[in-house]
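# Architecture at a glance
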Amino acid sequence: GAVVIPGTEITAVFGDSGNLSGSSGCNTYTGVYQLNGTSLTVGALSGSQQFCSNPAGILDQEQLYLTVLGSATGFTVEGGQLAIRSSRGQLTFASMVAP
């Protein structure tokens, strides 16, 4: 039930070649992913190492996001929303933009 902290943005760009990139609120990240039907596996994620202290809680938000994304097990797309399931929780992206 966590909501993105106002003033931050979390994104995920799933490329055609299995590359994954985006913003985790403070830092940018990259990685790889693999699809098999509605199963989703995300490989090790690496990112920039900026320290952000504003707004309050941004680094905690970033860590939670990357933990959930990195343990992804599946996904659904309904009504333009992407939901990523994980053993650690669920991520819901409010909008999807096709390339």
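Up top is the structure.
A quick note: this is a predicted structure, and the numbers were derived from the prediction, not measured.

This paragraph deals with the overall build of the chain. For the chain, the helix and strand inventory stands at one helix and eight strands. For the chain, the succession of helices and strands along the chain, N to C, is β-β-β-β-β-α-β-β-β. By the compact-globule yardstick of 13 Å for 99 residues, the chain fits well, its C-alpha radius of gyration being 13 Å. Along the first, second and third principal axes, the C-alpha atoms of the chain reach 40 × 30 × 25 Å.

Looking now at the nonpolar core. Counting residues in each nonpolar core, the largest one holds 15 residues, and the members touching the most others are Leu40, Val42, Tyr65, Leu69, Ile84, Leu91 and Phe93. Within the residue set of this core, elements represented by two or more residues are strand E3 (28-36), strand E4 (39-42), helix H1 (58-70), strand E6 (72-78), strand E7 (81-86) and strand E8 (89-93). With three residues, H1 is the single largest residue contributor to this core. For valine 42, the contacting residues outside a window of four places in its chain are Leu20, Val32, Tyr33, Leu69, Gly70 and Ala72.

Let's shift gears to the pairing of E3. Taken together, the five bridges between strand E2 (residues 19-23) and E3 define a ladder with antiparallel strand orientation. Within E3, the position partnered with glycine 22 by the bridge is tyrosine 29. Between E2 and the antiparallel strand that follows it, E3, lie four residues; glycine 25 among them carries a positive phi value of about 105°. Inspection of the sheet shows E3 paired to strand E5 (residues 46-47) by two bridges, in the antiparallel sense. Following the sheet pairing, threonine 30 is matched in E5 by serine 46. Across four bridges, the pairing between E3 and E4 is antiparallel. If you follow glutamine 34 over to E4, its bridge partner there is threonine 41. Taking the residues that link successive antiparallel strands as the turn, the E3-E4 hairpin has two residues, and the phi of glycine 37 there is positive, at about 70°.

Our next topic: the environment of leucine 66. For leucine 66, the position within the fold is in helix H1. Taking the C-alpha atoms as reference points, leucine 66 and serine 46, separated by 20 residues in sequence, lie 9.7 Å from one another. If near-sequence neighbours (up to four positions away) are discounted, leucine 66 is found in contact with Ser24, Tyr29 and Leu45.

A few words on H1. What sets the pattern is the α-helix's 3.6 residues per turn: residues three or four places apart point alike. Helix length check: H1, at 13 residues, gives a terminal C-alpha distance of 18 Å against a target of 18 Å (1.5 Å per residue), a fit within 8%. Inspection of H1 places Ile58, Gln61, Glu62, Tyr65, Val68 and Leu69 among the buried residues, and these make up the whole buried set. Down the axis of H1, the buried side of the element spans an arc of 140°, and every buried residue falls inside it. More than 90 degrees from the buried face of H1, the exposed residues found are Asp60 and Gln63. On its buried face, H1 is in contact with E2, E3, E4, E6, E7 and E8.

What counts and how
- Position labels on residues start from 1 in each chain and follow its written sequence.
- The model is predicted, so local features are restricted to residues of pLDDT at least 70 and side-chain atom pairs to those at 80 or more, both for listing and for counting; the totals for chains, interfaces and linings are taken over all residues.
- To get the side-chain values, all heavy atoms of the structure are used, and hydrogens and water are removed first.
- We count a stretch as a helix when DSSP gives it H or I for four or more residues in a row; a strand needs E for two or more, and each element gets its number in order from the N terminus.
- Restricting the calculation to C-alpha atoms gives the radius of gyration, and the globule rule supplies 2.2 Å times the number of residues raised to the power 0.38.
- For the purposes of this section, nonpolar cores are sets of buried Ala, Val, Leu, Ile, Met, Phe, Trp, Tyr and Cys residues that join through side-chain atoms within 4.5 Å.
- Burial status follows relative accessibility: with a 1.4 Å probe on protein chains alone, a residue under 20% of its type maximum counts as buried, one over 50% as exposed, and anything between as partly exposed.
- Contacts are assigned to residue pairs with any non-hydrogen atoms lying within 4.5 Å of each other.
- Here, strands pair whenever DSSP counts at least two bridges between them.
- Expected span of a helix, by definition, is 1.5 Å for each gap between consecutive residues, and there is one gap fewer than residues.
- In this description, the arc belongs to the directions extending from the helix axis to the C-beta atoms.

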